[in-house]
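Descriptive analysis of the structure
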Amino acid sequence: MRILIMGDSTMQQNYADTYPQVGWPQALPLFLDKHVEIHNFARNGCSTKSFRDLGHFDRLKKCAQKGDYCFIQFGHNDAKVDNPLRYAEAYTDYYHNLHKYIDELEELGVTPILMTSIYRRFFEADGTISDICHGDYPDVMKKVAKERNLVLIDACTVTKNFLNELGDEPSKRLFMQFGPGVYENYPDGLYDNTHLRFDGAYAISKLIIEEFKKINHPIIKHLQTEVVDE
């Protein structure tokens, strides 16, 4: 089984120069057996518009093989109205961009799996997670999945619920939140409610796998018999 990844920085493969930042698919191999290959084309800052314009989708298509699955998660950067290189209005450009990606992937024999964006760590003063995060983009992703009869993993909802249960302070360890002098790459520290450290990638991968279990997706045939816990 081969899984292709297309999306933004919350999915991107990270290396030593951005440590401790981790895209959540980097933790998937802890749950899947050695017969699953993961090819990650997600890139920092990408939207449904810029992922194609910058040539990332062309590179993905060159790698793609009949029978592959492709995880598609966009929305974070499509919403950036002030950035014409990324902005894709939800019910027009974003909607049409998703359909076009699906058309081209299916022509290659690749099965798209649509995913709403993972939730940002925004808490209200009363300690509950904010209801304002991704605007119309999750609903449009769901609409496209329904129209195309595709599997949808509602990562937005499951991660929102998970963060709400975890709480404001405990959830900080999942994200790029730390003081100065902790990591060499970020000497001044960081306060980032979007990007993940390893604990966050592990937790979200686990949530995604649980969603696949609920629908008895073929991916679960390749689960590790023993998963190393956090």
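Structure first, text after, so check above.
Residues numbered from 1 in each chain as written. Predicted model: local features only at pLDDT ≥ 70, side-chain atom pairs only at ≥ 80, totals over all residues. Heavy atoms only, no water.

**Here we look at the packing of aromatic side chains**
Each pair of aromatic rings is reported with the distance of its centres and the angle of its planes. Test applied: Two aromatic rings from Phe, Tyr or Trp, using only the six-membered ring of Trp, form a pair when their centres are within 6.5 Å; if the ring planes differ by under 30 degrees the pair is stacked, by over 60 it is edge-to-face, and anything between is tilted. Only DSSP runs of H or I reaching four residues or more are called helices, and only runs of E reaching two or more are called strands; each is numbered from the N terminus. Accessible area is worked out with a 1.4 Å probe on protein chains only. A residue is then buried under 20% of its type maximum, exposed over 50%, and partly exposed in between.
Under the criterion given, the structure shown has twelve aromatic pairs. Relative to phenylalanine 71, the ring of tryptophan 24 lies with its centre 6.5 Å away and its plane at 25°, an arrangement referred to as stacked. Linking tryptophan 24 in the loop between strand E1 (2-7) and strand E2 (37-40) with phenylalanine 71 in strand E3 (residues 69-73), this pair joins segments that are 47 residues apart in sequence. The burial state of tryptophan 24 is the same as that of phenylalanine 71; both residues are buried. Through a chain of ring-to-ring contacts, three or more aromatic side chains come together here, namely Tyr19, Phe178, Tyr183 and Tyr186.

**Describing the sheet that holds strand E4 (residues 111-115)**
Condition: The pairing criterion is simple: DSSP has to find at least two bridges between the two strands. Whether two residues are in contact is decided by their heavy atoms: any pair within 4.5 Å suffices. To get an axis, a line is fitted to the C-alpha atoms, and for a helix only the part in contact is used. The angle between two axes follows their N-to-C directions and goes from 0 to 180 degrees.
As summarised here, the arrangement of the five strands in space is E2-E1-E3-E4-E5, forming an open sheet in which the pairing is parallel. Strands with a single pairing partner mark the edges of an open sheet, and in this sheet they are E2 and strand E5 (152-153). Note: E4 against E5, two bridges, orientation parallel. Directly across from methionine 115, in E5, lies its bridge partner isoleucine 153. Relative to the sheet, helix H4 (residues 137-148) contacts E3, E4 and E5, its axis offset from that of E4 by approximately 150°.

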